[in-house]
Amino acid sequence: MNPSVLVFDSGVGGLSVLQQIRKRSPGLTLNYLMDSAAFPYGIKRDEVLVKRVLDVCQAAVDELSPGVLVIACNTASTLALPALREVLNIPVVGVVPAIKTAASHCSSGHIGLLATPATVNRSYTDDLIRDFAGHCQVSRFGSSELVRWAEEWLLNDEPSAQRQAQLREHLKSWIEHNSNTVPAMSHVVLGCTHFPLLREQLEQLWPHIHWVDSGEAIARRVASLLPGSEELSSKGALNCYWTDRHQVPQGAINYLSALSDVINQGCLGPDFVIQDIESV
Ligand code: DGL
């Protein structure tokens with residue numbers, strides 16, 4: 001059997017990372033798990049979120065036995081990676097804002113960070129900026145609206161003009177203000193895995209900005225942890241799991257089905273459903 005990777009996020013965002021892994025190593029079996037019962041992560045308290053991520057990931061690893069776990073969520077990775085690596089005995093790949101990449105490509109000396117409210121305020125993010133973008137001005141924007149829209153738009157076929165208008169309204173003053181300062185903001189890090197799903201619209205609205213995400217780098221890292229995975233001859237299976245037993249995440253299933261047949265899908269066992277999600 002081909003080696004398997006578990007790709008984890010709160011919702012559909014991690015699909016933007018899964019898609020890059022699929023492109024680089026089509027032979028890997030990919031299990032996509034979304035913690036839909038606790039979505040969204042970006043506005044939850046840190047203590048609650050660490051416990052939640054540990055509980056769900058530990059249970060999923062026990063159930064699916066992947067060779068590698070990818071935390072395809074900046075909000076969870078910037079908080080819970082050390083704790084996850086302590087309890088799990090497989091490699092855990094985190095997805096964190098691509099500040100280093102953006103800062104190294106940005107000649108203007110001004111980059112933007114677009115992420116969840118939690119990620120823009122994390123000390124992990126401060127450290128990334130201090131270590132890799134000390135020579136740059138960094139403008140941050142936290143948004144939970146973009147997370148919600150990425151979820152909704154994967155499911156509904158709204159006319160794209162309407163989506164463009166919504167996005168323009170939401171980001172216009174931040175982007176225009178920073179594009180008109182000296183130095184001008186030339187690169188924006190998509191520091192939430194939901195946001196590359198909006199890339200096409202963002203590129204159309206603001207073509208002068210370089211939009212930077214971590215997807216390809218993560219796919220390279222996964223391939224390096226599973227030597228030979230890029231050369232596997234048979235196509236790996238795609239499986240989709242979630243934690244909210246009351247709702248089938250049709251948007252995610254549609255997205256995966258476009259990549260290949262989704263072999264298994266379902267709520268990953270009743271123990272996964274956190275009964276008191278209101279208290280999260
Ligand atoms: N996709 C996630 C991230 O990369 C989190 C979105 C959310 O649940 O708020 O940060």
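Computed from a predicted structure; not experimentally measured.

We now examine the confidence of the model for the protein. Across the protein, the average pLDDT comes to 92, with 95% of residues at 70 or higher. Long-range and interchain partners of residues 274–280, a stretch whose pLDDT sits below 50, account for 7 contacts in this model, where long-range means more than four residues apart.

Residues in contact with the ligand amount to 14 residues; listed here are only the nearest, Ser10, Tyr41, Gly42, Thr75 and His194. His194 has a polar side-chain atom sitting 2.8 Å from a nitrogen atom of the ligand. Considering the ligand on its own, with 300 Å² of exposed area, one finds that the protein chains cover 99% of that surface. The residue makeup of the shell around the ligand, split by class, is 6 nonpolar, 7 polar and 1 charged.

A few words now on the sheet that holds strand E8 (residues 210–212). Strand order in this open sheet of 4 strands is E6-E5-E7-E8, and the pairing throughout is parallel. The strands lining the two open edges of the sheet, one partner per strand, are strand E6 (137–142) and E8. Taken over all neighbouring pairs, the strand axes of this sheet differ in orientation by 25° on average, direction set aside.

The next point concerns unusual backbone geometry. For the peptide bond that leads from Phe39 to Pro40, omega is -5°, which places it in the cis range. Looking at where Pro40 falls in the secondary structure, it is placed in the loop between strand E2 (29–34) and helix H2 (46–64). In the segment running from Val182 into Pro183, the intervening peptide bond is cis, with an omega of 0°. You will see that Ser65, though not glycine, has its phi angle at about 45°, which is positive. Looking at the secondary structure, you find Ser65 in the loop between H2 and strand E3 (68–71).

Turning our attention to the pairing of E3. Both faces of E3 are covered, namely the face carrying Val68 and Val70 and the face carrying Leu69 and Ile71. Of the pairings in the sheet, the one linking strand E1 (residues 4–9) to E3 comprises 4 bridges and is parallel in character. When the sheet's bridge partners are listed, Phe8 is paired in E3 with Ile71. Of the pairings in the sheet, the one linking E3 to strand E4 (residues 92–94) comprises 3 bridges and is parallel in character.

Right, let's talk about the sheet that holds E2 for a bit. Two strands in a sheet stick together by hydrogen bonds in their backbones, pointing the same way (parallel) or opposite ways (antiparallel). Read from one edge of the open sheet, 6 strands run E4-E3-E1-E2-E9-E10, paired in parallel fashion. Here the strands that pair on one side only, and so sit at the sheet edges, are E4 and strand E10 (262–267). Each strand axis lies, on average, 15° off the axis of its neighbour in the sheet, ignoring direction. Against the sheet, H2 touches E1, E2, E3 and strand E9 (238–242), its axis set at about 160° to E1. Running at roughly 165° to E4, helix H3 (residues 74–87) makes contact with E3 and E4 of the sheet.

For the structure shown, the criterion picks out 12 salt bridges. The shortest N-O distance in the salt bridge between Arg130 and Asp127 comes to 3.3 Å. Residue Arg130 and its partner Asp127 are located together in helix H6 (residues 123–132), separated by 3 residues, close to a single helical turn. Judged by its relative accessible area of 57%, Arg130 falls in the exposed class. In this structure, the salt-bridge partner of Arg199 is Asp213, at a minimum N-O distance of 2.5 Å. Of this pair, Arg199 sits in helix H9 (residues 199–205) while Asp213 sits in the loop between E8 and helix H10 (215–225), and the two are 14 residues apart along the sequence. Overall, Arg199 belongs to the partly exposed group, its relative accessible area being 23%. Judged by its relative accessible area of 24%, Asp213 falls in the partly exposed class. One continuous salt-bridge network, built from bridges that share partners, spans Asp127, Arg130 and Asp131.

Criteria and cut-off values
- Residues numbered from 1 in each chain as written.
- Predicted model: local features only at pLDDT ≥ 70, side-chain atom pairs only at ≥ 80, totals over all residues.
- Heavy atoms only, no water.
- pLDDT = per-residue confidence, 0-100.
- Contact = heavy atoms within 4.5 Å.
- Near = heavy atom within 4 Å.
- Polar contact = N/O pair within 3.5 Å; in protein donor to acceptor, adjacent residues only side chain to side chain.
- Areas by Shrake-Rupley, 256 points an atom, 1.4 Å probe, with all protein chains shown as cover.
- Nonpolar A, V, L, I, M, F, W, Y, C, P; charged D, E, K, R; others polar.
- Pairing = 2+ DSSP bridges.
- Helix = DSSP H or I, 4+ residues; strand = E, 2+ residues; numbered from the N terminus.
- Axes fitted to C-alpha atoms, helices over the stretch in contact; angles between N-to-C directions.
- Buried < 20%, exposed > 50% of the residue type's maximum accessible area, 1.4 Å probe, protein only.
- Salt bridge = Lys/Arg side-chain N within 4 Å of Asp/Glu carboxyl O.

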